[in-house]
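# Structural overview
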Amino acid sequence: MFSTLFQATGFKRALDLFEAGRFDEGKALLKSLQDEFLAVCDENQALKQQLAEVAEVLDLAEKVQFDGQKYWLEEDGERKGPFCQVCYDRDGLLVHLHQRENHWECQSCHALYMLPREAEKSPQKKARMRTTMEKTVPLFLEQEMG
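A brief look at the structure comes next. (Residues numbered from 1 in each chain as written. Predicted model: local features only at pLDDT ≥ 70, side-chain atom pairs only at ≥ 80, totals over all residues. Heavy atoms only, no water.)

## Digging into the pattern of salt bridges
- In this structure the tally under the stated criterion is 10 salt bridges.
- One salt bridge connects Lys63 with Asp59, and the closest N-O pair in it is separated by 3.5 Å. Placement of both Lys63 and Asp59 in helix α2 (residues 23-63) is noted, with a separation of 4 residues, approximately one turn of the helix.
- Arg100 serves as the salt-bridge partner of Glu105, at 3.4 Å between the closest nitrogen and oxygen. (Salt bridge = Lys/Arg side-chain N within 4 Å of Asp/Glu carboxyl O. Helix = DSSP H or I, 4+ residues; strand = E, 2+ residues; numbered from the N terminus.)

## Section: the packing of aromatic side chains
- A full pass over the atoms with the stated rule returns 3 aromatic pairs.
- Where Phe18 meets Phe23, the ring centres are 5.9 Å apart and the plane angle is 45°; that geometry is what we call tilted.
- Where Phe66 meets Tyr71, the ring centres are 4.7 Å apart and the plane angle is 40°; that geometry is what we call tilted.
- On the basis of relative accessibility, which here comes to 42%, the residue Phe66 falls in the partly exposed class.
- The structure contains a cluster of three or more aromatic residues connected by ring pairs, namely Phe66, Tyr71 and Tyr88.
- The ring of Trp72 carries Arg79 above its face, with NZ or CZ at 4.0 Å from the centroid. (Phe/Tyr/Trp six-rings, centres within 6.5 Å; stacked < 30°, edge-to-face > 60°. Buried < 20%, exposed > 50% of the residue type's maximum accessible area, 1.4 Å probe, protein only. Lys NZ or Arg CZ within 6 Å of the ring centre and 35° of its normal.)

Shape descriptors only; they carry no functional weight alone.
This is the structure:
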């Protein structure tokens, strides 16, 4: 990339070259200034995109609530989720947990979270439940793919 001083003085130099009848050199200088301008425009666009992404992440962070084991998203007075604590903390991703018979499972990292007892619907499920804990507890077990 050209220096800022080159950019600032480049147009004057191009004018001087044209006035001196050195058209090819003036055109080459204008071409290099144009290339530099386009590169600056591209960089500016990329920085604007990065800024928008950071603002989006900060906005999301204000809406995400942690209950001690998993995350919930509070939007427009509505609670959505639950989302995997491991995936959000590690990668910043909100991955929905899938409810199974007696636990939630993350399809991305395969972390398991036990359902709270009050979430069970039938006495049969209660009999099969092996825990007496009131809260949802992440088990953080990695299941082997295969």
